[in-house]
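# Structural description and commentary
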Amino acid sequence: MRKMKQTKKGKKGKYPRKKNTYFTQEHEDAIISYCKASKRSEKEVLYCSLIQPAFNEMVDKIAYTYKFNSLPNSEVLKEDCKVFLITILDKFNPDKGHKAFAYFSVITKNWFIAETKKRKKKLQKDGLLKELKMKQYFEKPSEKKRRKKKEGIANFKKKQKK
């Protein structure tokens, strides 16, 4: 019988959890310094040298972990998320006792979830989602005619009610 390795928190898992190498204490300190800095030039140096690469890696890892990469336009979503992180960077309050990585990773995940829901609703409203699903499977021409006719009748009845 295979013996499972014990991780730090006592949970049993097949493999021990890997250490976070892209968001270290140095990055944590840089975010705290960024929040406390008053000069724009100082903030820019901190952001460009330390914070931006960590955010880029974090967004990529979260998108991969929660399978947001499989969505259409996932690159656009990632870029939008990075812009969102820049806008809320000043809102981080280190005095509350939260770690910056935990704070920003939760915000990133929640942003992805909310944004995908918004985009799905928009697609449903435009009727594009139905078309995308229909393109996944082959539809016989006779079935297509029947479906189009039913949709036309339904749309006509809908307009009559208005």
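Basis of the calculations
- Residues numbered from 1 in each chain as written.
- Predicted model: local features only at pLDDT ≥ 70, side-chain atom pairs only at ≥ 80, totals over all residues.
- Heavy atoms only, no water.
- Phe/Tyr/Trp six-rings, centres within 6.5 Å; stacked < 30°, edge-to-face > 60°.
- Buried < 20%, exposed > 50% of the residue type's maximum accessible area, 1.4 Å probe, protein only.
- Lys NZ or Arg CZ within 6 Å of the ring centre and 35° of its normal.
- Salt bridge = Lys/Arg side-chain N within 4 Å of Asp/Glu carboxyl O.
- Helix = DSSP H or I, 4+ residues; strand = E, 2+ residues; numbered from the N terminus.
- Axes fitted to C-alpha atoms, helices over the stretch in contact; angles between N-to-C directions.
- Parallel < 35°, antiparallel > 145°, perpendicular 65-115°, else oblique.
- Left-handed = near helix turned anticlockwise from the far one by under 90°.
- Contact = heavy atoms within 4.5 Å.
- Nonpolar A, V, L, I, M, F, W, Y, C, P; charged D, E, K, R; others polar.

Time to look at the packing of aromatic side chains. As enumerated under the stated definition, the model contains 10 aromatic pairs in all. Considering the side-chain rings of Trp111 and Phe112, the 5.5 Å spacing of their centres and the 75° angle between planes classify their relative orientation as edge-to-face. Note on Phe112: relative accessible area 1%, which makes it buried. An aromatic cluster is defined as three or more aromatic residues linked by ring pairs; in this entry it consists of Tyr66, Phe68, Phe84, Trp111 and Phe112. Here the guanidinium or amino end of Lys43 rests over the ring plane of Tyr34, the centre of that ring lying 5.1 Å away.

Overall, the coordinates contain 10 salt bridges when judged by the stated rule. Residue Glu75 pairs with Lys78 through a salt bridge whose shortest N-O separation is 3.5 Å. Linking Glu75 with Lys78, this pair stays in helix H3 (residues 74-88), spanning 3 residues, or about one helical turn. In this structure Lys78 comes out as buried when scored by relative accessible area, which is 8%. Between Glu115 and Lys118 there is a salt bridge, and its shortest N-O distance comes to 3.9 Å. Taken together, the positions of Glu115 and Lys118, both in helix H4 (residues 100-126) and 3 residues apart, correspond to about one turn of that helix. Several salt bridges converge on common partners, so that one network encompasses Asp80, Glu115, Lys118 and Arg119.

Right, let's get into the packing of H3 against H4. Close contact between H3 and H4 brings their axes to 10 Å; oriented N to C, the two are set at 130°. As summarised for this structure, H3 and H4 are arranged oblique, according to the angle between their axes. Here the hand of the crossing between H3 and H4 comes out right-handed. Touching Val76, Leu77, Lys78, Asp80, Cys81, Phe84, Leu85 and Ile88 of H3 are Phe104, Ile107, Thr108, Trp111, Phe112, Glu115, Thr116 and Arg119, all from H4. Tallied by class, the residues present in the contact of H3 with H4 amount to 10 nonpolar, 2 polar and 4 charged.

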